[in-house]
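Residue-level structure breakdown
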Amino acid sequence: MSSVEDMEIQLDGHSVEPDSITWTVEGRTYTRAELTGSWQQWWFPTDTAYMTGDLPAGYTPGETAEVTIRLGVYIPYINAGAGILKIVEKDSKSLPVRSEN
Amino acid sequence: MIPGHLQGVTLYSFTRLFHDRKQTLESLIREVAERKLGPGLEIIGFSSFRGFPNLSPDYVKEIRTLIDQTGLIPTSLAANADFGIRRDRNLTPQEAVDYMAAQIKAAKDLGFPLVRVQISLTPDDMEALLPIAEKLDVKLGLEVHAHHSPMDPKMVAHRERYEKLDSGYLGFVPDFGATTSAVSPSLKEKYRRLGIREDFIELLDATWQRHHLAGPPMTDQDQAARFGEFIGLAHQNGYPDLGVELAVNLTGLHGHANPDDWASMLHLVWHTHAKFFGIVNGDEPATDLAHLMKVFCENNYTGSMSSEYEGWHWNWWDDPFEMVEGHQAAIRKHCADNGRAVRTEI
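Below or above, wherever it landed, is the structure these notes cover. (Residues numbered from 1 in each chain as written. Chains lettered and ligands numbered in written order. Predicted model: local features only at pLDDT ≥ 70, side-chain atom pairs only at ≥ 80, totals over all residues. Heavy atoms only, no water.)

1. Observations concerning helix α2 (residues 25–34) of chain B
All names here are of chain B. Here is the rule: With a 1.4 Å probe rolled over the protein chains alone, any residue whose accessible area is under 20% of its type maximum counts as buried; one over 50% counts as exposed, and the rest are partly exposed. Starting at the N terminus, helices and strands are each numbered in turn, a helix being any DSSP run of H or I of at least four residues and a strand any DSSP run of E of at least two. The contact criterion used throughout is that any non-hydrogen atoms of two residues lie within 4.5 Å.
Those residues of α2 that fall on the buried side of the exposure criterion are Leu25, Leu28, Ile29, Glu31, Val32 and Ala33. On its buried face, α2 is in contact with β1 (2–10), α1 (15–19), β2 (40–44), α3 (45–48), α4 (57–70) and α13 (320–337). Backbone geometry just downstream of α2 places lysine 36 in the positive-phi region, at approximately 60 degrees.

Structure, rendered in C-alpha cells:
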C-alpha cells in the first residue's frame, strides 16, 4: 500500500479536498498518511480499491459528473536512475452523484 | 537434432486477462497446459498468489496439485526485490535479505527450482542469500533486464562474485528486452490508435535509434539522462501526460545491448525470459530471434525459457495466447536452423 500516493479526485475539474480522500481495500480504510506507512499491507491486483472524498460544493444527488482520478504509484524494485520509479495513472468516467448519508 | 532448451511461458504474458478478471490463476494454468505452451511454467509471486510469500499449507497444496494435474513443470518463481517499498528510507541490506528469504522459502514450498531476483540486490546481498538457496536447494537467477545489459558494470560485478563463489546456485536470468533491435511496431501502433501525431512517433523512434547507436547506458546517470530526454520530448510536443510512460517503454523495455553479449554469462544461466512484444509474419520484429537463438544454441543452452509477452501493456487488440503460440513457433524454427530441437515434452 505504501507504493500508492498522490491520490487525487476531480469532479468536472473541481478538486476534492485532498485531506478528505480515503482508500479502502479488503474492507480496511486508509487515509493518505496511513497509506504511506503501510508497507507491509498489500493491494492484490484483482481486488477493487474504493476511493472516497468530500463532494465539492454545488453538487446534488442525481446529477452526473465527469470524475477523474489520478494515482501516483511507485514501482519499488526499479531505480529509474534518479530515484524509485513512480508512474502516474489517470482515468475519467462520467458517473452519477449520490449521497451516502 | 540435438536437444535444446525447455519451452515454457510465464503467466505474466496474460496479465491483461488476469487484471480484467477474465481469467483466474487456475484458469490460466489450465489453458497454458491445454494449448501446450509449456511444459515450463513461470509465475510471479506477489501478483499471482494472494498473501504471498506467507502462504498457508492448504493453499500451497492446492496450487501444487493443480500444477501436477496439468503436467506442467514449475521453472521459475519471479520474486520482487522491493528495496524502495518504504517511503521513509530504502530497506537495509539485512531487511532486503529477509524480504527475499521469505520468497525463496515460498518458492520451495510451491515446487519451483529457481527464483528470479532483481538488480536492486547487490553482490553482497546475493552472497548473504546463498546459504538459504543452498539449504532449500533453490537456484537464484538475477534478471538482466533493460536498461541494464550483460556488460553493465553492475552485472559484471555480480558475475565475478558468482564465478568466485562457484556455488551452482547463483546465476542470471537473461531478458531479451535488454537486447532489442528496434522499437516494437505494436507500441507505435498503440500511439497511432491514440491519435498521437506521426511526426512525434517518428521523433521518438529516431531518438531511440540514436541511443541504440550509442549502446546501453553504463551508469545510473546515463539512464536518468535518457529517461529525462523522453519526458522532455513529450512536454515539448504537447503530450506531457505521456512523458513517464514513453520513458519507461523506450528506455526500460527496449534495451540496446548486442545479443552476442549473452555469451559472457550463459555458463551461469538456468532460466531465460524470452521477452517479446508481438509477432508479425511469423517472427518477432523487435527482438532478433534468429540472432538470439544462434547465440543460445552455439553456447549449448539447455535450461528453461519462458516466452514473456510484454506487448500486453499497450496491445489491447491481439490475443496474448496467439502471440505466445506464434513466438514459440518462431523460436522452435530458429533453434532448428541451428540444429537444436526445443524440448516441448518431458
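2. Overview of the sheet that holds strand β1 (residues 4–11) of chain A
Residues and elements named next belong to chain A. Heads up, the rule is: When DSSP locates at least two bridges between a pair of strands, those strands are taken to pair.
Here we have four strands laid out as an open sheet, ordered β2-β1-β6-β7, and antiparallel in their pairing. If you trace the sheet from one side to the other, it starts and ends with β2 (14–15) and β7 (84–96), each paired once. By the bridge criterion, two bridges tie β1 to β2 in an arrangement that is antiparallel. Directly across from leucine 11, in β2, lies its bridge partner histidine 14.

3. Focus on the interface of chain A and chain B
The condition is simple: Summed over both partners, buried area is the accessible surface (1.4 Å probe) that two parts give up on being assembled. Only one rule defines a salt bridge in this text: a Lys or Arg side-chain nitrogen within 4 Å of an Asp or Glu carboxyl oxygen. Any pair of nitrogen or oxygen atoms within 3.5 Å is treated as a polar contact; in protein, a donor-acceptor pairing is required on top of that, and neighbouring residues in sequence qualify only through side-chain atoms on both sides.
With 26 residues of chain A at the contact, the number on the chain B side is 29 residues. Of the roughly 2300 Å² buried where chain A meets chain B, counting both sides, 62% is carbon and sulfur surface. Three residues, Trp39, Phe44 and Tyr77 of chain A, lead the burial of chain A against chain B; their summed loss comes to 28% of the area buried on that side. Run the count over chain A and chain B and you get three salt bridges. Aspartate 241 of chain B is the salt-bridge partner of lysine 90 of chain A, the closest N and O atoms lying 3.4 Å from each other. At the boundary of chain A and chain B, one finds nine residue pairs in polar contact (both at pLDDT 80 or more). Residue contributions to the side of chain A that touches chain B peak at six residues, all from strand β6 (residues 64–79) of chain A.

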